[in-house]
Every structure is written in structure tokens, then in C-alpha cells.
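Spelled out from the first residue to the last, the chains are:
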Amino acid sequence: MSPSPLPDFRSEIASPAVFLVLRRMRTPLIVLILIFAVSVLGLSLIPGQDASGQPHRLGLFDAFYFMSYTATTIGFGELPYAFSAAQRMWVTLSIFLSVIGWAYAIGSLLSLMRDRGFRRALARRSFIRSVSRITEPFLLLVGYGNASRMLARSLDDMGRRFVVIDRQDSRVSAVELDSYRADTPALLGDARDTGLLVLAGLGHRTCEGVVALSGDDETNLDVVVTTSLLRPDLPVIARSNSRAVGDRMRAFDAQEVVNPLDRFGDHLRILLRSAAAYQLMIWLTSAPGTEMPVRGERPRKGRWVVCGSGQFGEELSADLRAEGLDVTVVHVSGGRVLAGEGDSAHVVESGHVADAVAFVAATESDTTNLWLIDAGRAANPDAFIVALQNRRANASLYAAIGVDFGLFPAEVIAHETLARLANPVLMRFLPQVPHQGDDWACALLDRLVERCGMGTPDMWVIRLDDASGPALRPRLDEGGVRLDDLLRSPSDRDDVLDIVPLLLIRGGEHVLTPSGETLLNAGDQLLLAGRLHARAALDLTMSDVPTASYVLDGRRLSSSWLWQRLG
């Protein structure tokens, strides 16, 4: 699909603010001009007297000069003759009229400054100029809710630029209050307006992608469609709470659709299979430097009780049954139990929590979830408690009541979106992690901690080709390079770099955590995790021939071109 022509957003910098000022200030300015013109004309026509008592009139320029410093309250002198009584009377009247005119004009100006439409026009003008000055790649974030806010903080920590558009004034104001390192333009407006979306950065030459994480599925769908038609070259990541809307997004080539309803059940299923795998996945999708989360416990086998409402409860129950679990569903809506009337005690009774191994509170109300948790724990203190947290502000309440497994959808969305933006190859690795078993995940975690510490490691991809690894090309052509040899230190080849290989991509083949004996071929890709200094050392090995010779063979070559030729 060829992209449709986009309007040059820089041509839109002439915002309606100027025309709004002219329209609202037209009458006050006309009044001031008339008062000034009449005052000058009258003063020039009224006769005075010179020093000898002869009649004398001020010229138009002299009258204009006098009224200018009088009407502006400067009060400067320099008149050759004293005014007559008639002139003084006219000047007095002119002064009062000019005061009234100025008061009217200043009042109109203050009223204009308080006008919401005028302030919005000024803000839009400033926003467009800020976007036009961006020279580095940036992302367009549609919506600034909890998920986008968490994502924005991680992007800022990584040095990535972004632009925000949201329909709520409070959220746009929050962008400035969050104090990001780089200037972050934020536009108040509806992203469904194609013109605003273009001005927000969709038409900018350095826009590298669109992330639509607003809470409205229709808005996100509209953004996906608009981007697909106008900028099909841009990748789009969108949020959807509906499977039907998600399918339509994929039909318009959305790179990834994140559904928090699916993710809740998916995360629980991963935990059921391997607590270490879940810990590993959450850690690797966090921002670099994030401390490794505590490993949770896997719930026992047995019956689950799910107290949910709407799609959350339905999706979760289906996912648990797909794992072969016995699930009892208690439908809750508006704080009322639909499987029989009653209070929290009746919820426990209707759900048979006393003999269940796990209890899930997954309604759309945090208040309802909290009293469900309290009732479930009172009926069965040994039950594995799972809770859905809807609002970020209630995190302290969930921490106080205590849960074994909690899920904040906005956090999940932010983590998965960050992983796709920062390292798309990582998403080829993560889906395979839950199938490797608990022992494999534990061993990989221990290896990562040993090499990289407790903070989330930096992850990057290298490709063994002429562009990325010119120094390796002769060895690759001769039979390949051992992975262990490649990861030796350029300063002392007996030391190993703080790097852990996570994935080897060779054609359509994916090899998890390849062994050190693996022979690397030209065209291979490696997903690596490690420290920044180790990454710099590896880059040196791949690009510098003498360094590569020492690391791979133990031979030290002179960096001089002449000595290399003589050798």
C-alpha cells in the first residue's frame, strides 16, 4: 500500500490565536483609536495664546505628540506656551475618555487571556513549534493514562524522545509536571481528528512509531487505521480490550495488539507452569536497571474460585480451564453477587471458597476486589489469593491487605510495549520461556545475576555480517567462530565478558541460550544480555581486526596498516 500524501505540518504553525486576538480585540482597539483621534483633532482646533497674547493653535503633529504622552500617563512636558482654559477643559475630557478606553481594552485583553479557546490555541501553536524543532527519532504516544505514563518514564530513562496527545486537560498538564529529562511536547485534542494526529507528529520525518494506549478502543482503532493509510511505513502498537477490535487492528497491519484481558490469564498460566519463568519474563521486560522481582510461589493443584465481572472474569476462567483446572465462577456486578444475593459472607458460601486452593478477585472495582479478598482470606487462610488492581493509586491498599499474585494491567501493558519498542527480537525469546521448565529458568536467572547483577540487564542484538562485524568476516568464511571465543575480553582473553547469550537466530531456526561451543556463521543474529562496558568491548572485537585477532586466536597484531601488510 503506497502512503497517501501528508500535509506539511509546519505550514499549520499559523494558529487561530492571532485571528482570535484580532476578532476579540477589534472593538476595544477601534474605541481607543477613535478616542485618540478625536482628542488630537479637538486639541489642534481649539485656539490658545502665545507669550504675546496672540492666538496660537497646535499643529496636528504637536497635538498628536502631546496626547501620546498624556494618554499613556507618561506626563512629559515641553510645550512652548501655557494652555488656555478651553484647551485645559478639552485635555481634561480627553484624559477621562482615554482612561475609560484603556480600561475597556485592558479588561477585554484580560478576558481574552482567560478564554479557554485562546489558551488552547496558544498551547497548540507552542506545541507545533516544539515538534518542528525535534531532530532525533521520537515516538507518538496517544493517551497518557497509567500505562502510557509508566512507558514514558521508562523511555525517558533510556533517552528515547516521545510526543503525547490526549483528550483530557489534566493528563496533558501532567506531562509537564512529570519533569522528563528532554522536552516533551503534549497536545490537548482528540486523536481521532486526522489533522491533529498529523500535527502531533504523524507527518514528521523523524517519527519512528505510534503507540496508542488510550482507554478507548475506538480511539486506538482510529489511530491504527489512520497510521496504516497515511504512514504505512510506521510501526504501530495499540491497546484493545476487545477481541473484535483487536482483529480489526491486525487487519490494518498493527505491529502488536496488547489486550490486558488476555494478559491477566496469560500471566497466571505462566506462573502455574513455572514461577521462575514468570519472574524471568517480568524482569527482562522491565526498564534497564530495575531490581529483579521476588519469585512467587506456584499455587497448589485443585479448584479455583473466580469472583469476576464482565470480560475479565470470562477470559480468566477460560484460561484457567485451558490449564486443566476446576473453576467455580461467582459473578459480581456493582458490589452485588449475581449467583445469589448476599454480602461478602454469602460470596464465600456461594463460591465454596473454604475447600478451594485459590481465590481470584477480578472485578472492575478495586473496592469490590478488596472486600472480596478479605472475605476469601477469612474463609480460607491457606487459599492462594489473586487480585486484579484497576487503579494505580490503590497500590498501597493491595499491599496492605496482602495478595499472593497481583496484576496491574497498566503495568503489564507498559512492560510489554517497552519490550517491543526497545528490542523486538526479545519478543521471539519470551514466548518460549514458559515451555522450558522451572529448572531451566532458575539456571538462566542465576547466570544473569552472576554476570549482570540484580538490575535488569541491557539487551541488544548483533548480526554477524560485513556491516556490524567486518573484523570477523575472514574467520566466518573459514568455518565459523565459537561463541565462547567471541565473548572473551579484548583486554585479557582469559576473562569472559559480562554477557549472556539468550537467543541465536539462524534463518528460520531459533536456539535458546546457545552453548559456548556453538559455531557462529555469517548472517547469524544473537540476542545478548549484559553490561554496557561489555557491549562496548564486544563491539570493538567485531570491528577492529587486531582486537579480533587477539580475542579469537591470541595473536597480537599491530594496529598500523603497514605492519599488518608486512606481517
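Residues numbered from 1 in each chain as written. Predicted model: local features only at pLDDT ≥ 70, side-chain atom pairs only at ≥ 80, totals over all residues. Heavy atoms only, no water.

A. Seen up close, the overall build of the chain. Across its full length, the chain holds 24 helices and 20 strands. Looking at the chain residue by residue over its 567 residues, the buried ones come to 48%. Contacts in the chain between residues far apart in sequence, at least 24 positions, make up 69% of those at least 6 positions apart. In the form shown here, the chain has an accessible surface area of approximately 27,300 Å², with 54% of it arising from carbon and sulfur atoms. (Helix = DSSP H or I, 4+ residues; strand = E, 2+ residues; numbered from the N terminus. Buried < 20%, exposed > 50% of the residue type's maximum accessible area, 1.4 Å probe, protein only. Contact = heavy atoms within 4.5 Å. Areas by Shrake-Rupley, 256 points an atom, 1.4 Å probe, with all protein chains shown as cover.)

B. Focus on the packing of helix α11 (residues 260–273) against helix α17 (residues 409–422). At their nearest, the axes of α11 and α17 sit 10 Å apart, and the two run at 90 degrees to each other. By the angle between their directions, the pair α11 and α17 is classed as roughly perpendicular. Contact residues: α11 offers P260, R263 and H267, while α17 offers P409, V412, I413, E416 and R420. Here the residues of the contact of α11 with α17 are counted per class, giving four nonpolar, one polar and three charged. (Axes fitted to C-alpha atoms, helices over the stretch in contact; angles between N-to-C directions. Parallel < 35°, antiparallel > 145°, perpendicular 65-115°, else oblique. Nonpolar A, V, L, I, M, F, W, Y, C, P; charged D, E, K, R; others polar.)

C. Molecular detail of the packing of helix α9 (residues 217–230) against helix α10 (residues 243–251). One way to put it is that α9 packs onto α10 with a least axis distance of 9 Å and a crossing angle of 10 degrees. As summarised for this structure, α9 and α10 are arranged roughly parallel, according to the angle between their axes. Contacts between α9 and α10 involve D217, E218, N220, L221 and V224 on the former and, on the latter, V245, R248 and M249. Here the contact of α9 with α10 is built from residues that sort into four nonpolar, one polar and three charged.

D. Here's a closer look at the pairing of strand β18 (residues 509–512). Relative to β18, strand β17 (residues 499–506) is paired through four bridges, and the arrangement is antiparallel. In the strand pairing of β18, R506 is matched with E509. Turn length for the β17-β18 hairpin, with the two strands adjacent in sequence and antiparallel, is two residues, and the turn residue G507 shows positive phi of about 65 degrees. (Pairing = 2+ DSSP bridges.)

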